[in-house]
Amino acid sequence: KNQVEQSPQSLIILEGKNCTLQCNYTVSPFSNLRWYKQDTGRGPVSLTIMTFSENTKSNGRYTATLDADTKQSSLHITASQLSDSASYICVVRDTNAGKSTFGDGTTLTVKP
Amino acid sequence: EPEVTQTPSHQVTQMGQEVILRCVPISNHLYFYWYRQILGQKVEFLVSFYNNEISEKSEIFDDQFSVERPDGSNFTLKIRSTKLEDSAMYFCASFWSGYGYTFGSGTRLTVV
């Protein structure tokens, strides 16, 4: 069964600090991995998308990495802002069924 | 940037009543989805729709649920006889392989 596990479940950091969120998956065969940001009560918004051959992808202060060999991805947030407080969801798509598996998300709280 | 539009933003209904949630996906996308998210829980897949028919559905998507794309633009989710446990945020998404999902802002369904 395809699984996507995210850690930590929740994280509290001070404004201006950096943080790294983890995503481990068992989805196979792998097509792509996406990180989404979901503000409370809103739909998820895409941050990055990476295919098998991509190791890193940046979007402003967000940098995602992918190690397809170990089936791990991380999302690094630099110089956090209060507006970064949200749930960050890792979504992995497989090639065969074209189905996406969602992680449970990491809830990030940035405090002043 | 193209958006997925959902209406209404909030729907309150009595248990046993029928509700229709509406979505206008991005026009040149070919794949459409409904997801739900119970408060505090992860996003759950309900159904995918391609070429005017259901391509996949989850075990959640039982006979009480149906989807339609009646006029080539609107994409609707109907719940025939709502239950208390149907209370959740319902997200519509359209998908393009080069980008991934674009989610709507969601409809908060409250069944009383």
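(A) Expanded view of the overall build of chain B. Looking only at helices and strands, one finds zero helices and eleven strands in chain B. When the helices and strands of chain B are listed from N to C terminus, the series reads β-β-β-β-β-β-β-β-β-β-β. For 112 residues, the compact-globule estimate of 2.2 N^0.38 gives 13 Å, and chain B sits close to it at 13 Å. Each principal axis of the C-alpha atoms in chain B carries an extent, and together these give about 40 × 25 × 25 Å. Counting the 112 residues in chain B, one finds 46% classified as buried. Taking contacts inside chain B between residues at least 6 apart in sequence as the whole, the part at least 24 apart equals 52%. Total accessible area computed for chain B in this model is approximately 5800 Å², and 46% of it derives from carbon and sulfur atoms. Taken as two groups, the 9 positive and 13 negative side-chain charges of chain B have centres that lie 3 Å from each other.

(B) Region of interest: the pairing of strand β9 (residues 86-94) of chain A. Residue and element names in this part refer to chain A. Of all nine residues in β9, nine are buried, a share of seventy percent or more. Burial of the side chains of β9 extends over both faces: Ala86, Tyr88, Cys90, Val92 and Asp94 are buried on one face and Ser87, Ile89, Val91 and Arg93 on the other. Alignment of strand β4 (residues 30-38) against β9, held across eight bridges, turns out to be antiparallel. Residue pairing across strands places Phe30 opposite Asp94, the latter belonging to β9. Pairing analysis gives three bridges linking β9 to strand β10 (residues 100-102), with the strands arranged antiparallel. Residue pairing in the sheet places Val91 in a bridge with Phe102 of β10.

(C) Representation of the sheet that holds strand β8 (residues 75-79) of chain B. Residue and element names in this part refer to chain B. Read across the sheet, four strands follow the order β1-β3-β8-β7 without closing on themselves; strand pairing throughout is antiparallel. The sheet is open, and its two borders are formed by β1 (5-7) and β7 (65-68), each paired with just one other strand. Across the sheet, the axes of successive neighbouring strands diverge by a mean angle of 20 degrees, strand direction being ignored. Pairing geometry for strand β3 (residues 19-24) and β8, over five bridges, is antiparallel. Each residue of the ladder has a partner; that of Val19, found in β8, is Ile79.

Quick notes on the rules
- Residues numbered from 1 in each chain as written.
- Chains lettered and ligands numbered in written order.
- Predicted model: local features only at pLDDT ≥ 70, side-chain atom pairs only at ≥ 80, totals over all residues.
- Heavy atoms only, no water.
- Helix = DSSP H or I, 4+ residues; strand = E, 2+ residues; numbered from the N terminus.
- Rg over C-alpha atoms; globule rule 2.2 N^0.38 Å.
- Buried < 20%, exposed > 50% of the residue type's maximum accessible area, 1.4 Å probe, protein only.
- Contact = heavy atoms within 4.5 Å.
- Areas by Shrake-Rupley, 256 points an atom, 1.4 Å probe, with all protein chains shown as cover.
- Lys, Arg positive; Asp, Glu negative; His and termini not counted.
- Charge placed at Lys NZ, Arg CZ, Asp CG, Glu CD.
- Pairing = 2+ DSSP bridges.
- Axes fitted to C-alpha atoms, helices over the stretch in contact; angles between N-to-C directions.

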